[in-house]
Amino acid sequence: EVAEGGRGDSRMNNEARDLTGGSNADSLLAITRSGFKVMKGFHREKHGDCMVLSVDDDPINQMVVENLLSPEGYKVEQALSGSEALEFLHKASSLPDVILLDIMMPDMSGYEVCQEIRRRYSSVSIPIIMVSAKGHPEHVMRGLEAGSVDYVKKPFHRQELLSRVRAQIRNRE
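Summary of the structure given here. Each chain has its residues counted from 1, following the order in which its sequence is written. Where totals are concerned, whole chains, interfaces and linings use all residues; where local detail is concerned, this predicted model gives features only for residues with pLDDT of at least 70, and gives and counts side-chain atom pairs only at 80 or more. Neither water nor hydrogens contribute to the side-chain values; these are computed over all heavy atoms in the structure.

Taken together, the side chains of D57, E84, D107 and E112 define an acidic patch exposed on the protein surface. Note on conventions: DSSP H or I runs of at least 4 residues are helices, E runs of at least 2 residues are strands, and numbering of each starts at the N terminus. With respect to the helices and strands, E84 occurs in helix α4 (residues 82-91). Each residue's exposure class comes from its accessible area (1.4 Å probe, protein chains only) as a fraction of the maximum for that residue type: buried when under 20%, exposed when over 50%, partly exposed otherwise. Under the relative-accessibility criterion, E84 is labelled partly exposed at 36%. Exposure above 30% relative accessible area and the absence of a salt bridge qualify a residue for a patch, where like charges join within 9 Å and nonpolar side chains (Val, Leu, Ile, Met, Phe, Trp, Tyr) within 5 Å. Using the Shrake-Rupley algorithm and a 1.4 Å probe, accessible areas are obtained, with residue cover drawn only from the displayed protein chains. Within this document, salt bridges are pairs made up of a side-chain nitrogen of Lys or Arg and a carboxyl oxygen of Asp or Glu, the two lying within 4 Å of each other. Only four residue types enter the charge count: Lys and Arg as positive, Asp and Glu as negative, with His and the chain ends excluded. A single reference atom marks each charge: NZ on Lys, CZ on Arg, CG on Asp, CD on Glu.

Before going further, it helps to spend a moment on the sheet that holds strand β8 (residues 150-153). For two strands to be treated as a pair, DSSP must find at least two bridges joining them. Pairing in this open sheet of 5 strands is parallel, and the strands run β5-β4-β6-β7-β8 from one edge to the other. Across the chains shown, the open sheet's two edge strands, defined by having one partner strand only, are β5 (75-79) and β8. Within this sheet the neighbouring strands show an average axis-to-axis angle of 20°, counted without direction. Bridging between strand β6 (residues 98-102) and strand β7 (residues 128-132) involves 4 bridges; their strand directions are parallel. The residue of β7 that forms the bridge with L100 is I129. Set on the sheet, α4 makes contact with β4 (51-55), β5 and β6; between it and β4 the angle comes to about 155°. As a rule, the C-alpha atoms of each element are fitted with a line to give its axis, helices using only the stretch in contact, and angles between N-to-C directions run from 0 to 180 degrees. By definition, residues are in contact when any of their heavy atoms lie within 4.5 Å.

With that settled, the discussion passes to the side chain of D102. Relative to the assigned elements, D102 resides in strand β6. Here a polar contact is recorded for every N or O atom pair within 3.5 Å, except that within protein the pair must consist of a potential hydrogen donor and a potential acceptor, and residues adjacent in sequence are included only if both atoms are side-chain atoms. Of note is the side chain of D102, whose polar atom sits 3.2 Å from the side chain of K154. Excluding residues within four positions of it along the chain, D102 makes contact with V55, D56, D57, G110, V131, S132 and K154.

We now examine the nonpolar core. Judged by nonpolar contacts, the single largest core of 24 residues is most densely connected at V55, I99, L101, I117 and I126. Elements with a minimum of two residues in this core: β4, α4, β6, α5 (110-120) and β7. A per-element tally of this core places α5 first, with 4 residues. Beyond its immediate sequence surroundings of up to four residues, L101 is in contact with V55, G110, V113, C114, I128, I129, M130 and V131. Residues belong to a common nonpolar core when they are buried Ala, Val, Leu, Ile, Met, Phe, Trp, Tyr or Cys residues joined through side-chain atoms within 4.5 Å. Membership of the second largest hydrophobic core comes to 17 residues, among which are L69, V131, L162 and I169.

Among the residues of helix α3 (residues 59-69), those classed as buried are Q62, V65, L68 and L69. For α3, the angular spread of buried residues about the axis comes to 130°, placing them on one side. For α3, exposure combined with an orientation more than 90 degrees from the buried face picks out P59 and I60. Turning to α3, the residues buried within the fold contact β4, β5, β6 and α7 (158-172). One side-chain oxygen at the N-terminal end of α3 lies 2.8 Å from the backbone nitrogen of I60; it belongs to D58. As used here, the arc is the angular range of directions from the helix axis to the C-beta atoms.

Turning next to the pairing of β8. Here β7 runs beside β8; their pairing, made up of 4 bridges, is parallel. By the bridge assignment for β8, S132 is matched with K153. By definition, the crossover connecting two strands over a helix is right-handed if that path, from the first strand to the second, turns clockwise as seen with the strands pointing away from the viewer. Since β7 and β8 lie parallel, the crossover through helix α6 (residues 137-146) that links them has a hand, and here it is right-handed.

This paragraph deals with the pairing of β6. Counting buried positions along β6 gives 5 out of 5 residues, so the element sits mostly inside the fold. Burial along β6 is two-sided: V98, L100 and D102 and I99 and L101, pointing in opposite directions, are all buried. Relative to β6, β4 is paired through 4 bridges, and the arrangement is parallel. Opposite L53, over in β6, you have I99 as the bridge partner.

See the structure below:
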């Protein structure tokens, strides 16, 4: 869905105005070198509730996140690997409102996944919270430098993780 055209193309400018000025909250407009590109919107903008993508290769950790967030009204989607998370983002009709991302996974590290998400979705800022047993300052710094907005050490306190997810959603409002 790319509207190509030069700067003087009034038809393209009208299309861009229609995309940004209307009530179409389920798409974002990104300006690229080749023109305008309609990007996916966030889940909350389309559906009203919040979606969290949990990326962790450990099914028990996935269950803990599901049991923590679902009763609070969050829709939790799960990916068991970095490549599965990237595939989910590609195929989903809307972007998750927050991503919880483990660092130690078999196919790609959380750092690599975070950098790839930032590369692919550079025009939008998906809040990524790294969740890892690695808690040394250099791991936290590396996670933040890879593009995460927060870092939580495992095992985490349930209320702390819930508060951090809420804070990221509130920061996007």
